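Take a look at the letters that make up each chain.
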Amino acid sequence: MTETKDLTALSVNAIRFLAIDAVEKAKSGHPGMPMAMAPLAYLLFREVMRHNPLDPAWPDRDRFVLSAGHGSMLLYAVLHLTGYDLPLEELKSFRQWGSKTPGHPERGHTPGVEVTTGPLGQGISTAVGLALAERKLAAEFNRPGHVVVDHYTYVLASDGDLMEGVSGEASSLAGHWRLSKLIVFWDNNRISIDGSTDLAFTEDVLARYRAYGWQTLRVEDANDLEALRHAIKLAKLDERPTLIAVRSHIGFGSPKQDSHKAHGEPLGPEAVEATRKNLGWPYPPFVVPEEVYRHMDMRERGRAWQEAWEKALEAYAREYPDLHQELMRRLRGELPPLPEAPPSFDKPIATRAASGKALDLLAPRVPELLGGSADLTPSNNTQAQGMQDFSPQNPLGRYLHFGVREHAMGAILNGLNLHGGYRAYGGTFLVFSDYMRPAIRLAALMETPTVFVFTHDSIALGEDGPTHQPVEHLMSLRAMPNLFVIRPADAYETFYAWQVALRRKEGPTALVLTRQAVPLLSPEKARGLLRGGYVLEDAEKPQGVLVATGSEVHLALKARALLLEKGVRVRVVSLPSFELFAAQPEAYRQEVLPPGLPVVAVEAGASLGWERYAHKVVGLDRFGASAPYPEVYERLGFTPERVAEALEALL
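Residues numbered from 1 in each chain as written. Predicted model: local features only at pLDDT ≥ 70, side-chain atom pairs only at ≥ 80, totals over all residues. Heavy atoms only, no water.

Trainee: So, the pattern of salt bridges: which residues are in play, and what are the values?
Mentor: Summed over the entire model, instances satisfying the criterion amount to 28 salt bridges. Between Glu114 and Arg61 there is a salt bridge, with its nearest N and O atoms 2.7 Å apart. Of the two residues, Glu114 sits in the loop between helix H4 (88-92) and helix H5 (122-141) while Arg61 sits in the loop between helix H2 (32-48) and strand S1 (63-66), which places them 53 residues apart along the sequence. An identical accessibility class is assigned to Glu114 and Arg61; each is buried. (Salt bridge = Lys/Arg side-chain N within 4 Å of Asp/Glu carboxyl O. Helix = DSSP H or I, 4+ residues; strand = E, 2+ residues; numbered from the N terminus. Buried < 20%, exposed > 50% of the residue type's maximum accessible area, 1.4 Å probe, protein only.)

Trainee: So what's going on with the packing of H5 against helix H7 (residues 165-177)? Residues and values would help.
Mentor: The N-to-C vectors of H5 and H7 enclose an angle of 20°; their axes lie 8 Å apart at closest approach. One way to sum up the angle between H5 and H7 is to call them roughly parallel. H5 and H7 meet at a crossing whose hand is left-handed. Where H5 abuts H7, its residues Gln122, Ile124, Ser125, Val128, Leu132 and Arg135 lie against Val166, Ser167, Ala170, Ser171, Ala174 and Trp177. Residues of the contact of H5 with H7, tallied by class, amount to seven nonpolar, four polar and one charged. (Axes fitted to C-alpha atoms, helices over the stretch in contact; angles between N-to-C directions. Parallel < 35°, antiparallel > 145°, perpendicular 65-115°, else oblique. Left-handed = near helix turned anticlockwise from the far one by under 90°. Contact = heavy atoms within 4.5 Å. Nonpolar A, V, L, I, M, F, W, Y, C, P; charged D, E, K, R; others polar.)

Trainee: Lay out the UniProt feature "binding site: thiamine diphosphate" (unreviewed entry) in the chain in plain terms, naming residues and giving numbers.
Mentor: Following the UniProt record, one finds the feature "binding site: thiamine diphosphate" (unreviewed entry) at His70, Gly118, Pro119, Leu120, Gly160, Asn189, His263 and Phe432. Judged by maximum C-alpha separation, these annotated positions cover 363 residues in sequence and are scattered in space, the widest gap reaching 34.4 Å. Within the element layout of this structure, His70 appears in the loop between S1 and helix H3 (72-82). Non-local contacts of His70, meaning those with residues more than four positions away in its chain, are made with His30, Gly103, His104, Leu120, Ser158 and His263. On the secondary structure map, His263 appears in the loop between strand S7 (242-247) and helix H10 (269-279). Those residues in contact with His263 that lie beyond four places of it in its chain are Gly29, His30, Pro31, Gly32, His70, Ile193 and Ile250. (UniProt positions renumbered as here; feature names shortened; annotations may be inferred.)

Below, the structure is given as structure tokens:
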């Protein structure tokens, strides 16, 4: 027992000093939190969690999310020691170009990292989506005597995580949904970059979480492993998510303990030497005793856990072959065959309504498709026919009511898609994409195939006025790397936009949809959306091009008719997606937009950015106004006459 206790203490200090040494070598980083929370990392990865370093993607593993992503060396150290493919050389290259140990954890870059974290509040909020996916998959696939989905989501969150509004939004939903397999450890060190958290954070956090519907527990000393074990045991017995407040000391064991000086900078050589003496660590930088490696190695246990699960899965396959086949398909991320033909339409229809019709067609054929809205379901048209509401009493429901919580919705959707087994989408107004932009950005960074449904896409919102009329949003979203923004021009383009969004595996898609009805295009021509842009109407030896997106495509068509009456030969190009179009061969792009022809772009939004395709823009570089939308369009210059004049001026 004494030997085990000594090995435990030695292992905890190994985590601490790998973090200290890596930060010191990099001359940047955050050593304080890893030094304080090393005991918890040891306990989770060595004793509590079921995980397999040999297969970090094992579907039934427990998930760990380091929401306090600035303390990344805590995670890298424990991944290295437990046997993940993260050799010591990578720790020595902390924060350096090309290393697997970037300043903040990045999913897909480092084995064992579940979620890209660092922007505070995102990790804990995304973890709600991970826990929700586990709950739903368990309800859908487990059968009596055959439990094939059964894992926990553990989160280490900082004071800063719990200050951020998004964590409150997501935690409120987690409590409402009673996600009992979500266990959050709050690193309560009472220190922020500015100094004591008392400067700005004196609320009763546990009372707030109890009000959210969580169980709350306290551990008075982060070094008390027995108290941590007991708290985890109690967390697993409750039917609610659990927040465990762990009192810790940032920079534990160093001369800078309990100081903001231990937070975001190296300790410095003198303080490092003093810490080695204080904690009885005689080893040089990056040297770890072999007995620690043997003690911490989780590869054999991980392999055994996974083999036991695979054996249980074989029994499940014999008893429930169809369910097994479906579960495996979904965990592999393979879509079933999607409908090739769009639904039929016989009159002008808003693209938000056409999106709802597309979902009616898709939802029965894609059982992993689930989604919701931030309290705008009738406006966003995001609930497919027959799609039941999810609730603790009905975990099989596929429709999620997020309430007025756009930011949490974005993060939770990301978690659902990261987990595997689901393809999640969520809706709000385009103007409120600002409220969830950090989650959209992380989806793009993590290459997560989340579908963001943004309706009410322009000044055509009309009477609601400039507070609700997006102007700069399209271009600001297009500026985000790896986000596909699609603004379809009619119902048929909308159907094909959903095809693109669901088939995309390497990043998110934003569908930007109208409130107002728009005329129908040819369903055959609308297939051109699959290439991002295409020639909608042409003329022999065209003299100029009108290029437009969304509802303004129809404005361009009217302008073309005016110009044709004057003998001006005009091509009209629908360009619903800059990103899809840019991915096409250069020859195709030049065929659609010939370099020698004058081009006028038409879009009811910011003109900045159109210079890549157009010589002149009929756009909007001011805020909108409150009035019926046809009048707003006319007064702000979105008329066929003005568009025609713009092209004539170029000619």
